[in-house]
Amino acid sequence: MAEKRDYYEVLGVERNADADTIKKAYRKAAIKYHPDKNPGDKEAEEKFKEAAEAYDVLSNQDKRARYDRYGHAGMGGAAGGGGFGGFSGGGFSMEDIFEQFGDIFGGAFGGGFGGGRSTRSRTATRGSDIRITVKLTLSEIAEGVTKKLKINKTVACEACGGTGAKDKSSYATCSQCNGSGYIITVQNSFFGRMQTQSVCPTCQGTGRTIKDKCTKCSGEGTERGQEIIEVKIPAGVSDGMVLTVRGKGNAARQGGVNGDLLVVIEEEYNPQLMRDGNDLIHNMNITVTTAILGGEVEVPTIDGKARIKIAPGTHAGKVLRLRGKGLPDVNGYGRGDIMVVVDITIPDEITKEERQLIEKLAEQPNFKRAAGVENQNIFERMKNFFR
Ligand SMILES: [Zn+2]
Ligand SMILES: [Zn+2]
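A few points on the structure. Keep in mind it's a predicted model, so treat the numbers as computed, not measured.

Cys174 (SG), Cys177 (SG), Cys200 (SG) and Cys203 (SG) make up the full set of protein donors to the zinc ion (ligand 2), lying at 2.2 to 2.3 Å. One can describe the donor arrangement at the zinc ion (ligand 2) as tetrahedral, given that its four donor atoms subtend angles of 102 to 119° at the metal. If you list the donors of the zinc ion (ligand 2) from N- to C-terminus, the spacing comes out as C-x2-C-x22-C-x2-C. Taken as a pair, cysteine 200 and cysteine 203 share a single burial class, namely buried.

So, in structure tokens, the structure goes:
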């Protein structure tokens, strides 16, 4: 970085100058080197920034004390303590200055350069966003998927490349702002004369107007069209999530900024595997005999089936976990489980023979007493499980 001038020298004040003197000196410098007064003058712009930087330090007690002790070396980087995040990075931008010191140009002083701020950044027109819903299966969610979406939208006019002008020579300098892109309005207020800058309404800040319009789009710069957009959907997304694809929305008027494409995720309903966060719940019906004798059953998984063992004496409401068979976390924090919730099916009808067998069974000692009462209440068990 080029050697820095002393801050007191920059503002032309004594080292023991009081706050008011410093403020006045800065205001004087700011008005003298203000970019509106010195359009296109790089040196003035540098001086303007230099004064703002000096004022930022000297108007703050802490920073000034540090500067007095250590000079510019004390101002660098993290030690800068807020403000503009340290000047070591090469000063700050005009935007910063208007943002931070806008008030010093403002009405309270009368006749200053009001506003400034973000109105200086030219506000280009922006196209609208497009919202589209994408339905995903469980396996698409589990793996992540790239979808090719055909979107009907506003696109840049092919004939004029989105400019809205017939050709390169079709432009004229905006007569309202004389090409600067902004206009200054003067208002008289209690405090004095106030000047406000705003984006030129005629040219929307571009500084030029179109003399001969493109005949295809009548000067709009846009037309209806279609675009095939590939959207990468990460694994683990869930219903209602919105992915933003920047700049893939509708094109803006006369070459402005495109809107965004908002992709809303919709999960296809899967009654076999119901989602609970990254876990999947499967309600499994087993027969009475399997519940008593144990056995092996088939469970649906995201990409197929798994066989699991049912232990002898399995009660309704028991939950079996298939670890890591659920969905991946969208932020990469592991994977959920499949939780198999056991239910026992009682046959609606039985044959005469079956009736005889069951009646015989009912006489046996282990079937005579009711199974442990504490196991009967499925709702209690479920409640405990989900707690
Ligand atoms: Zn056109
Ligand atoms: Zn204009």
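This part is about the packing of aromatic side chains. Here the structure, examined in full by the defined rule, presents three aromatic pairs. Note on tyrosine 7 and tyrosine 67: the rings are 4.5 Å apart at their centroids and 35° apart in plane angle, and the pair reads as tilted. Residue tyrosine 7 is found in helix α1 (residues 7-11), and its partner tyrosine 67 is found in helix α4 (residues 61-70); the two are separated by 60 residues along the sequence. Ring geometry for tyrosine 26 and tyrosine 55: centres 4.4 Å apart, planes at 10°, overall stacked. Of this pair, tyrosine 26 sits in helix α2 (residues 19-32) while tyrosine 55 sits in helix α3 (residues 42-58), and the two are 29 residues apart along the sequence. By relative accessible area, tyrosine 26 is classed as buried at 0%. By relative accessible area, tyrosine 55 is classed as buried at 10%. Aromatic rings pair up to connect Tyr7, Tyr8 and Tyr67 into one cluster.

This part is about the packing of α2 against α3. Between two packed helices, the angle of one axis relative to the other and the distance separating the axes together describe the packing. At a closest axis distance of 9 Å, the pairing of α2 and α3 adopts a crossing angle of 165°. Regarding the angle of α2 to α3, the classification is roughly antiparallel. For the crossing formed where α2 meets α3, the hand is left-handed. Each of Ile22, Lys23, Tyr26, Ala29 and Ala30 in α2 lies in contact with α3, whose residues at this interface are Phe48, Ala51, Ala52, Tyr55 and Leu58. Across the contact of α2 with α3, the residue classes break down as nine nonpolar, no polar and one charged.

Attention shifts here to the pattern of salt bridges. According to the stated counting rule, one finds 26 salt bridges in the structure shown. Between lysine 135 and glutamate 266 there is a salt bridge; the shortest N-O distance is 3.9 Å. A residue pair is termed long-range when its members are at least 10 positions apart, and lysine 135 in strand β1 (residues 130-136) and glutamate 266 in strand β9 (residues 261-267) qualify at 131 residues. When its relative accessible area of 32% is taken as the criterion, glutamate 266 is described as partly exposed. Here lysine 147 and glutamate 140 are joined by a salt bridge, their closest N and O atoms 3.0 Å apart.

A separate point is the sheet that holds strand β8 (residues 242-245). Here three strands make up an open sheet; going across it, the order is β1-β9-β8 and the pairing mixed. In the strand order of this sheet, the two ends are held by β1 and β8, each with one partner. Sheet twist, expressed as the mean angle between neighbouring strand axes with direction ignored, is 25°. Taken together, the four bridges between β8 and β9 define a ladder with antiparallel strand orientation. Pairing of valine 245 across the sheet is with leucine 261, part of β9.

What follows covers the packing of α3 against α4. Running from amino to carboxyl end, α3 crosses α4 at an angle of 100°, the nearest separation of the two axes being 6 Å. In terms of their interaxial angle, α3 and α4 are classed as roughly perpendicular. Where α3 approaches α4, its residues Asp56, Val57 and Leu58 are matched on the opposing element by Lys63, Arg64 and Tyr67. Residues that form the contact of α3 with α4 fall into these classes: three nonpolar, no polar and three charged.

This part covers the coordination of the zinc ion (ligand 1). Any two of four tetrahedral donors ideally make an angle of 109.5 degrees at the metal, while pairs among six octahedral donors ideally make 90 or 180 degrees. Coordination sphere of the zinc ion (ligand 1), protein contribution only: Cys157 (SG), Cys160 (SG), Cys214 (SG) and Cys217 (SG), at 2.3 Å. One way to put it: the four donor atoms around the zinc ion (ligand 1) meet at angles of 104 to 116°, and that makes the site tetrahedral. Within one chain, the residues serving as donors to the zinc ion (ligand 1) are arranged as C-x2-C-x53-C-x2-C. Taken as a pair, cysteine 157 in the loop between β2 (145-156) and β3 (171-173) and cysteine 217 in the loop between β6 (208-210) and β7 (222-233) lie far apart in primary sequence, 60 residues in all. Of the two residues, cysteine 157 and cysteine 217, neither departs from the other in class, the shared state being buried.

Right, let's talk about the nonpolar core for a bit. The nonpolar side chains of a soluble globular protein tend to be buried, and buried together. Among the nonpolar cores identified, the biggest contains 33 residues, and Leu136, Val231, Ile233, Leu261 and Val263 are the most heavily contacted of them. When residues of this core are assigned to domains, at least three map to each of domain 2 (130-267) and domain 3 (274-386). Here isoleucine 233 is in contact with Val134, Leu136, Gly144, Val145, Lys147, Leu243 and Ile265, once residues within four sequence places are set aside.

Right, let's talk about α4 for a bit. Within α4, the full set of buried residues consists of Lys63, Arg64 and Tyr67. Viewed end-on, α4 has its buried residues packed into an arc of 100°, placing them on one side of the element. Summarising the geometry of α4, the exposed residues directed more than 90 degrees from the buried face are Gln61, Asp62 and Arg69. Tucked inside the fold, the buried residues of α4 contact α1, α2 and α3. Following α4 by one or two positions, glycine 71 has its phi on the positive side, about 70°.

This part covers the sheet that holds strand β10 (residues 274-276). Within a sheet, adjacent strands bond to each other through the backbone by hydrogen bonds, running parallel or antiparallel. Spatially, β10-β11-β15-β14 is the arrangement adopted by the four strands of the open sheet, whose pairing is mixed. Two strands lie at the open edges of the sheet, namely β10 and β14 (319-322), each paired on one side alone. Neighbouring strand axes in the sheet, compared pairwise and without regard to direction, differ in orientation by 35° on average. As defined by bridge partners, strand β11 (residues 279-287) adjoins strand β15 (residues 338-345) across eight bridges and the pair is classed as parallel.

The rules we used
Residues numbered from 1 in each chain as written. Chains lettered and ligands numbered in written order. Predicted model: local features only at pLDDT ≥ 70, side-chain atom pairs only at ≥ 80, totals over all residues. Heavy atoms only, no water. Donors = N, O, S within 2.8 Å, 3.2 Å for Na, K, Ca; no water. Tetrahedral: all angles 85-135°; square planar, octahedral: opposite > 155°, others 65-115°. Buried < 20%, exposed > 50% of the residue type's maximum accessible area, 1.4 Å probe, protein only. Phe/Tyr/Trp six-rings, centres within 6.5 Å; stacked < 30°, edge-to-face > 60°. Helix = DSSP H or I, 4+ residues; strand = E, 2+ residues; numbered from the N terminus. Axes fitted to C-alpha atoms, helices over the stretch in contact; angles between N-to-C directions. Parallel < 35°, antiparallel > 145°, perpendicular 65-115°, else oblique. Left-handed = near helix turned anticlockwise from the far one by under 90°. Contact = heavy atoms within 4.5 Å. Nonpolar A, V, L, I, M, F, W, Y, C, P; charged D, E, K, R; others polar. Salt bridge = Lys/Arg side-chain N within 4 Å of Asp/Glu carboxyl O. Pairing = 2+ DSSP bridges. Core = buried A, V, L, I, M, F, W, Y, C linked by side-chain atoms within 4.5 Å. Domains from an automatic or database assignment. Arc of directions from axis to C-beta.

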